[in-house]
Amino acid sequence: MSDSQVSAAVAKLYDTYPYPPEPILDEPPPGYNWRWNWLAAYNFCTGRKPQKQDVRILDAGCGSGVSTEYLVHLNPHAQIVGIDLSAGTLEVAKKRCQSSGADRVEFHHLSIYDVEQIPGKFDLINCVGVLHHLPDPVRGIQALAKKLATDGLMHIFVYGELGRWEIQLIQKAIALLQGNIKGDYHDGVQVGRKIFASLPESNRIVKREKERWALENQQDECFADMYVHPQETDYNIDTLFQLIDASGLEFISFSNPGFWQLETLLAKAPELIERAGELSERERYRLIELLNPEVSHYEFFLGRPPITKTNWSNDNSLLAAVPELNPCIDGFPSQCLFNYDYQIVNLSPAEFDFMQKCNGSATLANILAQVELDLNGVRNLLKQQLLLLTPSERV
Ligand SMILES: C[S@@+](CC[C@H](N)C(=O)[O-])C[C@H]1O[C@@H](n2cnc3c(N)ncnc32)[C@H](O)[C@@H]1O
C-alpha cells in the first residue's frame, strides 16, 4: 500500500472505532496527568518553573479528545489545538470538550504531515499513541519538531516491541484469517474475539491477554486499536533513538522514570551495577529493557537543544529562589498526600510546616528562617517534584 492508502486505512479504523472510548462527562475530568500540565512537565524537564503560562499546546493525533480535554482544564492560561486524521474521531473530541466546558481549544482535521498549515509554534506538543501508526514516523516527528518553540517540550508515546510480542502474533493471525477483507474492522474484531474464545486457557497468548490487556479490551474500540490496526511500528531502544535522532531534538527523560532503574533489577548484584556504570545512557536503557522485557511502550520528553537543567546545587541560588507547590499534588494540606505520580508521600512535621508557607511570593531564605527545615530537606522535596522553584534574577 502507498503511504496515502495506509493513512486512509488508519483514518477508516478510527472513524469506525473512535479512540479512546472514555465516556463524555459534563464536568472537568477527575484528577490529573502531570505530563499534560505545563507547569509540572516543564519543572520535571528543567528543574524550574517556566517563565510563562499563556502557552500554546498542540495535541497531535488527539483522538477522541481525552488528553485534549485534560490539557484545557489543567492549563487555564493556555490555548490548545487538537489535530487528527479521523473526522469521526474529531467529532467525538469536539463533543467531549463542549460537554465539560473546555472551550480554549480549536480542532483541525489535519494530518501531522501537514501540521505546518497551522500558523505559529507550540510550547508543548503532546503526541501520544500516534507516531507508530504513521507510515513514515520520521516524517511525522520532523514535521512536529519544526513546530516546537525554542523553549518548548514535546511529549511522545510510542509502542515497544518487547512487551507487545503476543499482540503482534494475534495481529498477524487475524490478518491471515481475514485475507482480502483486512479493511473490514468489524470483521477483524469478530475474528479476534473468536480466536481468544477458542484458544485453550493455558495458551501463552491467552494468559498474557488476561493478565495484561483484557480489562481495557472489553471495549471493541480498544480491541480494534490493539489487534486489527492497519499500521503499526514497534520500537526497541536502538530504533527508538534512531527516531529521536532524526527529529533533531534532544532526549530529556522518560516520563515514567521509575521503570528505567537498573538498581531495582540488579539490586542483588552491585558489582554488575558498577560495571553498567561504563555504559552510555542508551546502552544502559537497552540493558534495562533486555532484563525487563515488559516494556510495551516508551513515553518521553524531547526539547530543542541546548536544554538547560537547573540542579540547585548552589546554596545561594537555592536560597534566593521562590518556591510554590507543584500543582499536580493531591490531598494537601495534609502530611499524607499523593505526589505528581499518585504515589503516597508522608511529610515530616517540618516538611509540612515548610510547604504550608510556600505561597509563590516568599523566598526560600525567608521561609527557612521561620521553620525547622534545612537546605537538604528542601532538596529532598525537590527530588520528589513536590515544589516548583522560580529562580531569582539577581543570583
Ligand atoms: C491510538 S489513537 C490515540 C489518541 C490520543 N492521542 C490518545 O492517546 O488518547 C491514535 C490517533 O492518531 C490519529 N492519527 C493517526 N495517524 C495520524 C496522522 N498522520 N495525523 C494525525 N492524526 C493521526 C488517529 O486518527 C487516532 O485518532
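Residues numbered from 1 in each chain as written. Predicted model: local features only at pLDDT ≥ 70, side-chain atom pairs only at ≥ 80, totals over all residues. Heavy atoms only, no water.

- Per an unreviewed UniProt entry, the protein goes by Methyltransferase type 11 and derives from Nostoc azollae.

### Side note on the UniProt feature "domain: Methyltransferase" (unreviewed entry) in the protein
(1) Moving on: Per the UniProt entry, the sites bearing "domain: Methyltransferase" (unreviewed entry) are residues 52-155 in this numbering.
(2) Moving on: Secondary structure across residues 52-155 comprises 31% helix and 30% strand; the distance between its end C-alpha atoms is 18 Å. (UniProt positions renumbered as here; feature names shortened; annotations may be inferred. Helix = DSSP H or I, 4+ residues; strand = E, 2+ residues; numbered from the N terminus.)

### Looking at the nonpolar core
(1) Moving on: In this structure, L144, M154, L240, Y298 and F300 are the most contacted members of the largest nonpolar core, which totals 43 residues.
(2) Moving on: Contacts of M154, omitting those with residues within four sequence positions, involve I125, I141, L144, A145, L148, L249, F300, F301 and L302.
(3) Moving on: If you look at the next biggest cluster of nonpolar residues, it comprises 33 residues, including W36, I57, A102 and L388. (Core = buried A, V, L, I, M, F, W, Y, C linked by side-chain atoms within 4.5 Å. Buried < 20%, exposed > 50% of the residue type's maximum accessible area, 1.4 Å probe, protein only. Contact = heavy atoms within 4.5 Å.)

### Remarks on the domain arrangement of the protein
(1) Moving on: Structurally, the protein comprises domain 1 (3-161 + 234-303), domain 2 (169-227) and domain 3 (315-390).
(2) Moving on: The C-alpha centroid of domain 2 is placed 26 Å from the C-alpha centroid of domain 1.
(3) Moving on: Each partner contributes to the interface: domain 1 provides 13 residues, whereas domain 2 provides 13 residues.
(4) Moving on: Buried surface at the junction of domain 1 and domain 2, summed over both partners, amounts to about 1200 Å²; 54% is from carbon and sulfur atoms.
(5) Moving on: One salt bridge in this structure joins E294 and R208, with 3.3 Å as the shortest N-O distance. (Domains from an automatic or database assignment. Buried area = accessible area lost by both parts, 1.4 Å probe. Salt bridge = Lys/Arg side-chain N within 4 Å of Asp/Glu carboxyl O.)

### Focus: helix α8 (residues 204-217)
(1) Moving on: Maximum bend of α8: about 60°, positioned at E211.
(2) Moving on: I205, V206, R208, E209, W213 and N217 are the residues of α8 that are buried.
(3) Moving on: Where the residues of α8 are buried, they touch α6 (165-178), α7 (185-198) and α9 (220-227). (Bend = angle between axes of the 7 residues up to and from the residue.)

### Some remarks on the packing of aromatic side chains
(1) Moving on: Under the counting rule described, the total for this entry stands at 25 aromatic pairs.
(2) Moving on: Aromatic rings pair up to connect F241, F251, F254, F259, W260, Y285, Y298 and F300 into one cluster.
(3) Moving on: Note that R139 overlies the ring of Y113, its terminal NZ or CZ placed 3.9 Å from the centroid.
(4) Moving on: We note R164 situated over the ring of Y159; from NZ or CZ to the ring centre the distance is 3.4 Å. (Phe/Tyr/Trp six-rings, centres within 6.5 Å; stacked < 30°, edge-to-face > 60°. Lys NZ or Arg CZ within 6 Å of the ring centre and 35° of its normal.)

### Details of the site of the ligand
(1) Moving on: What surrounds the ligand is a group of 19 residues, the closest being G61, D84, S111, I112 and V128.
(2) Moving on: Here an oxygen atom of the ligand sits 2.5 Å away from a polar atom, N or O, in the side chain of D84.
(3) Moving on: In the model, a nitrogen atom of the ligand is placed 3.2 Å from a nitrogen or oxygen of the L85 main chain.
(4) Moving on: Protein contacts shield 95% of the accessible area of the ligand, which totals 600 Å² for the unbound molecule.
(5) Moving on: Within the shell around the ligand, the residues separate by chemical class into 11 nonpolar, six polar and two charged. (Near = heavy atom within 4 Å. Polar contact = N/O pair within 3.5 Å; in protein donor to acceptor, adjacent residues only side chain to side chain. Areas by Shrake-Rupley, 256 points an atom, 1.4 Å probe, with all protein chains shown as cover. Nonpolar A, V, L, I, M, F, W, Y, C, P; charged D, E, K, R; others polar.)

### Here we look at the environment of L13
(1) Moving on: Within the element layout of this structure, L13 appears in helix α1 (residues 3-16).
(2) Moving on: By relative accessible area, L13 is classed as buried at 1%.
(3) Moving on: Each C-alpha atom, one on L13 and one on T89, is 9.8 Å from the other, the two residues being 76 residues apart in sequence.
(4) Moving on: Among residues more than four places away in sequence, those in contact with L13 are Y185, A224, V228, H229 and P230.

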